[in-house]
Amino acid sequence: APPGLWDGIEHVHVHFGTNATAVARLIHCLGGPGYSFTIHGPDEFDAPAALSIGDKVADARFVCAISSFCSAQIRRWTAAEHWDKIHVVHCAVDDAFLEAASPIRDDADTLVCIGRLSAQKGQLLLIDAFAQAVLRGADLKLVLAGDGEMRPQVEQRIAEHRLQQRVTITGWISEQQVRDHLKACRGLVLPSFAEGLPVVIMEALALGRPVISTYIAGIPELVRDGECGMLVPSGAVEPLVDAIVCFAKTPADQLSVMGEKGHIAVAAQHRLVTEVDKLEQLCKEYA
């Protein structure tokens, strides 16, 4: 490296154990500062050997996992002598979400699914389940907030079920628009096949909206089934239909109670200032 290139830089922290961490590790190997990184998943768990996760951990000063599940997956691909480098630092929401919490309106009739239109988010299965729920008397609408490579297939599935009057795809929207949709909805539904721990779940619960999601990755560490939402097996249609029907028929005040429990959980586990402090202390300890 050119003389003086790293002057004043003592430590680099990067997010995601993919390309960004590869660059940080290369810089370190070329004589640059030490590094640490945060693994979010699920991409790192799809190809841990190809991404050299074990080697990246071995050369890092410390590693952050966004959930206990995530920390366990890192250990699968890391030599045991490096396990003490792994620490859980959650993703978080700022106080603006927590302060904006409100009860669910009695006339709220919309479920919101927020995320890229992709295979791992499960929107095709959601459309199938939503169609069955409507036939069972769930008088709801569904908003798919986002865009992505599977939009044509999702639009086709909506048309096949003749749900054009009930299902809306927003395309990419701003953070404020996400917040507006969540505040207006009856609940969030996210039937993912693969995840880390979605920030949108934290946002929904912070605003007091209960969640329907799946028993995968770090989601059950935040969403307690029957308390602040409902969890269903990933890839299973019938349990998802049952959950949607339940949200449709449960009175708004009862859903608000579930949302309040989620709000409390997010404030305790995913508050921005708390998690930033954890990362700062790790940097001071290891750098």
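These notes cover the structure that comes with them.

So, how was this worked out
Think of each chain on its own: its residues are numbered from 1, step by step along the sequence as written. Predicted model: local features are reported for residues with pLDDT of at least 70 only, side-chain atom pairs are reported and counted for 80 or more only, and whole-chain, interface and lining totals are derived from all residues. Processing note: side-chain calculations cover all non-hydrogen atoms of the structure and skip hydrogens and water entirely. We call a residue buried when its accessible area falls under 20% of the maximum for its residue type, exposed when it is over 50%, and partly exposed in between, using a 1.4 Å probe and counting protein chains only. The way it works is that DSSP assigns letters per residue, a run of H or I at least four long becomes a helix, a run of E at least two long becomes a strand, and they are numbered from the N terminus. Here, a strand pair is defined by DSSP locating no fewer than two bridges between the strands. We call a crossover right-handed when, viewed with the strands running away from us, the connection from the first strand over the helix to the second turns clockwise. Each C-beta atom gives one direction from the helix axis, and the arc is the one those directions make. Note on definitions: a residue-residue contact is assigned when non-hydrogen atoms from the two residues lie within 4.5 Å.

### Considering the pairing of strand 7 (residues 167-171)
- Because side chains alternate across strand 7, one face comprises the buried residues V167, I169 and G171, and the other comprises T168 and T170, none of which is buried.
- Here 4 bridges tie strand 6 (residues 141-145) to strand 7, and the two strands are oriented parallel to one another. Note that in strand 7 the partner of L144 across the bridge is I169.
- Tracing the backbone out of strand 6, into helix 7 (residues 151-160) and back to the parallel element strand 7 gives a crossover that is right-handed.

### A word on helix 4 (residues 68-76)
- Of the residues making up helix 4, those classed as buried are C70, S71, Q73 and I74. End-on view of helix 4: buried residues confined to an arc of 160°, all on one side of the axis.
- Those residues of helix 4 that are buried lie in contact with strand 2 (34-39), helix 2 (43-46), helix 3 (53-59), strand 3 (62-65) and strand 4 (86-88).

### Concerning the side chain of S256
- Along the chain, S256 turns up in helix 11 (residues 252-269).
- Sequence-distant contacts of S256, defined by excluding residues within four places in its chain, comprise P103 and I104.

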